[in-house]
Amino acid sequence: KQTDRNYPQLADESPRPYNPFQIPEAKQDKPITCKLPHAYRRLLIMSDIHFPYHDVEAIEAAVLYAKERGVEAVFINGDLLDIYQASFHERDPRKMNIAEELEMGRKFFQWLKEELNLPIYYIPGNHEARIERYLKVKAPELLGIPEFKLEFLLRCAEYGVTYIPFRSKCYIGKLLVEHGDKIPGAGGVNPARTALLKFKRPVIVGHFHRTTQENSSVYDGDQQMAWSTGCLCTLEPDYMPLNNHNHGAAIIDVEHSTGHYRVENFVIINGKVY
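Along each chain, residue indices are assigned from 1 in the same order as the chain's sequence is written. Restriction of local features to residues with pLDDT of at least 70 applies here, the model being predicted, together with a cutoff of 80 or more for giving and counting side-chain atom pairs; totals for whole chains, interfaces and linings are based on all residues. As a rule here, side-chain values come from all non-hydrogen atoms in the structure, and water together with hydrogens is ignored.

## Some remarks on the sheet that holds strand β13 (residues 260-269)
Piece 1. Only strands that DSSP links by at least two bridges are regarded as paired with each other. Helix numbering and strand numbering both begin at the N terminus, where a helix is a DSSP run of H or I of at least 4 residues and a strand a DSSP run of E of at least 2. Spatial strand order, β6-β5-β4-β3-β12-β13-β14: seven strands in an open sheet with mixed pairing. What marks the edges here is a single partner per strand, and that holds for β6 (161-163) and β14 (272-273).
Piece 2. Strand direction decides the pairing type here: strand β12 (residues 247-255) and β13, joined by nine bridges, are antiparallel. Of the residues in β13, the one forming a bridge with Ala 250 is Asn 265.
Piece 3. Contacts between residues were defined by any pair of non-hydrogen atoms, one from each residue, lying within 4.5 Å. Each axis is a line fitted through C-alpha atoms, and for a helix only the stretch in contact is used; angles between axes span 0 to 180 degrees, taken between their N-to-C directions. Packed on one face of the sheet, helix α1 (residues 56-68) meets β3 (42-46), β12, β13 and β14 and runs near 140° to β13.
Piece 4. Strands in contact with helix α2 (residues 98-116) are β3, β4 (73-77), β5 (120-123) and β6; relative to β4, the strand with the most contacts, it is inclined by about 155°.

Structure below.
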């Protein structure tokens, strides 16, 4: 049983119902549900850094602001790395290789630990998932070998980073934290509204590189709210030079006794927080 404050708590599995007919078990992978420890009352959420296409000013601004606001933990919500050379889209072989991207990720973990000295949680996004997808197609014999898994390639344990498996369900209090790649498409006009319509519960997502917010009233009930965070990478990527992307991140204040939370979904412009 995980009791250390630095590890997310896995939701208990309910007992299996009695099966008098001995129907064969379904071959279905159940998603992992993680709840971040109650020890943290204020957390920084960063998403979509996309090393090596990161923006240094935006990252520094987010981390400095988090330090000023007294955050107690950091949650990296997917797409830390771009994994360009494992993409199934058209690729330029002259661009950075995966080994160099992984080294940048490791150096970032080291820098973040030195700057904040706080627990770090990291869940991969759809870009890091390119590694396993590549192995499935090109080198299936290597699947399952620990040294080829992302948490080993990034040396998460060495840098004190708690790795959360891809597409796990993560909660900070009652707030669901998702990368956003479960939602098909580009997020629509308002990615937060799209997320609220899809998840049908309070949620914060990254993935769409846009700072948005949406709220909806439940008849004779509570307000349902959703947010999407900005990115921390270049705003004019080669694959989409014309877009509505912006830099940003979020700070979550949570009251664990009730699960209530407050979201500060901030924008970064020219290296300054707004």
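## Here we look at the environment of Pro 184
Piece 1. Examined against the element boundaries, Pro 184 turns out to sit in the loop between β8 (175-178) and α5 (191-199).
Piece 2. Classification of residues uses two cut-offs on accessible area relative to the type maximum, computed with a 1.4 Å probe and protein chains only: under 20% is buried, over 50% is exposed, and between them is partly exposed. On the basis of relative accessibility, which here comes to 61%, the residue Pro 184 falls in the exposed class.
Piece 3. Linking Pro 184 and Asp 253, residues 69 residues apart in sequence, is a C-alpha distance of 29 Å.

## Examining the pairing of β3
Piece 1. Counting buried positions along β3 gives four out of five residues, so the element sits mostly inside the fold.
Piece 2. Bridging between β3 and β12 involves four bridges; their strand directions are antiparallel. Paired with Leu 43 across the bridge in β12 is Ile 252.
Piece 3. Of the strand pairs in this sheet, β3 and β4 are connected by four bridges, and their pairing is parallel. From the neighbouring strand, Leu 43 faces β4, where its bridge partner is Ala 73.
Piece 4. With its strands directed away from the observer, a crossover is right-handed exactly when the path from the first strand over the helix to the second travels clockwise. In this fold, β3 hands off to α1, which returns the chain to β4; that crossover is right-handed.

## Observations concerning a nonpolar patch on the surface
Piece 1. Each patch is built from residues lacking any salt bridge and having more than 30% relative accessible area; the joining distance is 9 Å for like charges and 5 Å for nonpolar side chains (Val, Leu, Ile, Met, Phe, Trp, Tyr). Residue burial considers only the protein chains on display, and all accessible areas are found by Shrake-Rupley using a 1.4 Å probe. By definition, a salt bridge exists where a carboxyl oxygen of Asp or Glu is found within 4 Å of a side-chain nitrogen of Lys or Arg. A contiguous nonpolar surface patch, about 280 Å² in accessible area, is contributed by Phe 88, Tyr 134 and Val 137.
Piece 2. Relative to the elements of secondary structure, Phe 88 occurs in the loop between β4 and α2.

## What to know about the environment of Cys 170
Piece 1. With respect to the element layout, Cys 170 can be found in strand β7 (residues 169-172).
Piece 2. Looking at Cys 170, the relative accessible area reads 1%, which means it is buried.
Piece 3. In this structure, the C-alpha to C-alpha distance between Cys 170 and Lys 35, residues 135 residues apart in sequence, is 5.8 Å.
Piece 4. Not counting residues up to four positions away in its chain, the partners in contact with Cys 170 are Cys 34, Phe 75, Ile 123, Ile 164, Leu 175, Leu 176 and Val 177.

## Observations regarding unusual backbone geometry
Negative phi values dominate among residues other than glycine, just as trans dominates among peptide bonds.
Piece 1. Following Phe 51, the chain continues to Pro 52 via a peptide bond in cis, the omega torsion being 10°.
Piece 2. In this structure, Pro 52 sits in the loop between β3 and α1.
Piece 3. In this model, Asp 48 sits at a positive phi of 55°, which is unusual for a non-glycine residue.
Piece 4. Tracing the backbone shows Asp 48 in the loop between β3 and α1.
Piece 5. Assessed through its relative accessible area of 0%, Asp 48 is described here as buried.
Piece 6. Positive phi, normally seen in glycine, also occurs at His 207, with a value near 75°.
Piece 7. With respect to the element layout, His 207 can be found in the loop between β9 (203-205) and β10 (212-217).
Piece 8. His 207 sits in the buried class, given a relative accessible area of 18%.

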